Amino acid sequence: MQFTTQLKPTDSIVILTGAGISKESGLDTFRCADGIWAKVDLEDVATPEGFQRNPALVHQFYNDRRRGLLAPAIQPNPAHAALVELERNWPGEVLIVTQNIDDLHERAGSQNLIHMHGELRKVFCAHCRTVEHWNGDLSVHDICPTCTRKGGMRPDVVWFGEMPYQMERIYRALGACDLFVSIGTSGNVYPAAGFVAEARSAGAYTVELNLEPSLGATQFAESIHGPATEVVPAFVKDLLALA
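Residues numbered from 1 in each chain as written. Predicted model: local features only at pLDDT ≥ 70, side-chain atom pairs only at ≥ 80, totals over all residues. Heavy atoms only, no water.

**Re the sheet that holds strand 2 (residues 94-98)**
Right, so step 1: Reading across from one edge, 3-2-1-7-8-9 is the order of the six strands in this open sheet, with parallel pairing throughout. Two strands lie at the open edges of the sheet, namely strand 3 (113-115) and strand 9 (222-225), each paired on one side alone. Direction aside, neighbouring strands of the sheet carry axes that sit 15 degrees apart on average.
Right, so step 2: Pairing of strand 7 (residues 179-183) with strand 8 (residues 205-210), which is carried by five bridges, proceeds in the parallel orientation. Bridge pairing links Val 181 to Val 207 in strand 8.
Right, so step 3: Where helix 7 (residues 167-176) meets the sheet, it contacts strand 1 (13-17), strand 2, strand 3 and strand 7, and its direction lies at approximately 135 degrees from that of strand 2. (Pairing = 2+ DSSP bridges. Helix = DSSP H or I, 4+ residues; strand = E, 2+ residues; numbered from the N terminus. Axes fitted to C-alpha atoms, helices over the stretch in contact; angles between N-to-C directions. Contact = heavy atoms within 4.5 Å.)

Below is the structure:
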């Protein structure tokens, strides 16, 4: 890897992950030819307006995905495990920023993690603004456990047109990191697609690990292409050789 002569063990690392890291665990991606958005209209199930028009449809969409995530066969893969190893053994800070709403990073053991698009196994009450853990189905008839009001519960998922979570913390980390790594992302969903430019402008070395070049591949100093379960563990092994 080209960056090995530049990186020091005390340097900080920010890692952005997308659907590509979870695909090999059995979860569908969104934007590939047979992905989720090829089967449903995102305007219907991933916007506040869609939820207002047909909340039952939106709830059904996320109920199906939540049940799928909880299926016994869906487990963290070697790419998730490699990032846990990096976090535990790299002397500097390692922050994972994920666009994924699954919990595979947590199940693998990641600790320093931001879910910028929310979490599938959490729900949000529009009445009292409380976030609750939730593993079952959700409907317009459910009562908020905190405020006891009905009709305000929705998936704690950031929809198109809404502001992703913890953006101030993310931009601070991008501005201070020495290495920025993007794993399994399409490179066409903002603001995450702009993170590489933020990191580069702050002087970070940038690396893309992806099955194939993303739309923003030319912005990275280095690109490594292949399945996440192969390229991520190999990349982490080379990194930890510097520690």
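**Digging into empty space enclosed by the protein**
Right, so step 1: Going through the model one piece at a time under the given rule, you end up with two cavities of 30 Å³ or more.
Right, so step 2: Counted as a void, the largest cavity has a volume near 110 Å³.
Right, so step 3: In this structure, the largest cavity is lined by 17 residues; those nearest its centre are Leu 16, Thr 185, Gly 187, Ala 192 and Ala 193.
Right, so step 4: In terms of residue class, the lining of the largest cavity is made up of seven nonpolar, nine polar and one charged.
Right, so step 5: Approximately 40 Å³ is the volume attributed to the second largest cavity. (1 Å grid on protein atoms, 1.4 Å probe; cavity = no way out; pocket = protein on both sides within 12 Å on 5 of 7 lines; lining within 4 Å. Points joined across faces, edges and corners; volume = space filled by probe spheres on them. Nonpolar A, V, L, I, M, F, W, Y, C, P; charged D, E, K, R; others polar.)

**Some thoughts on the pattern of salt bridges**
Right, so step 1: This model, assessed by the stated rule, comprises eight salt bridges.
Right, so step 2: A salt bridge links Arg 53 to Asp 44, with the nearest nitrogen and oxygen atoms 3.4 Å apart.
Right, so step 3: Residue Asp 44 is classed as partly exposed on the basis of its relative accessible area of 31%.
Right, so step 4: Residue Asp 103 pairs with Arg 121 through a salt bridge whose shortest N-O separation is 2.5 Å. In this pair, Asp 103 is assigned in the loop between strand 2 and helix 6 (104-108) and Arg 121 in strand 4 (residues 118-125), connecting sequence segments 18 residues apart. (Salt bridge = Lys/Arg side-chain N within 4 Å of Asp/Glu carboxyl O. Buried < 20%, exposed > 50% of the residue type's maximum accessible area, 1.4 Å probe, protein only.)

**Thoughts on the sheet that holds strand 6 (residues 153-157)**
Right, so step 1: Strand order in this open sheet of three strands is 5-4-6, and the pairing throughout is antiparallel. Only two strands of the sheet have a single partner each, and these edge strands are strand 5 (131-133) and strand 6. Direction aside, the axes of adjacent strands within the sheet are offset by 45 degrees on average.
Right, so step 2: Where strand 4 and strand 6 come together, four bridges link them in antiparallel fashion. In the sheet register, Cys 125 faces strand 6, and the bridge partner there is Met 153.
Right, so step 3: Across the sheet, helix 4 (residues 55-69) lies against strand 4 and strand 6, angled at about 135 degrees from strand 4, the strand it touches most.

**A look at helix 4**
Right, so step 1: The terminal C-alpha atoms of helix 4 lie 21 Å apart, and with 15 residues this matches the ideal 21 Å at 1.5 Å per residue to within 8%.
Right, so step 2: Those residues of helix 4 that sit buried are Val 58, His 59, Phe 61, Tyr 62, Asn 63, Arg 65, Arg 66 and Leu 69.
Right, so step 3: On its buried face, helix 4 is in contact with helix 2 (42-45), helix 3 (48-53), helix 6, strand 4 and strand 6. (Expected span 1.5 Å × (residues − 1).)

That is the geometry; function is a separate question.
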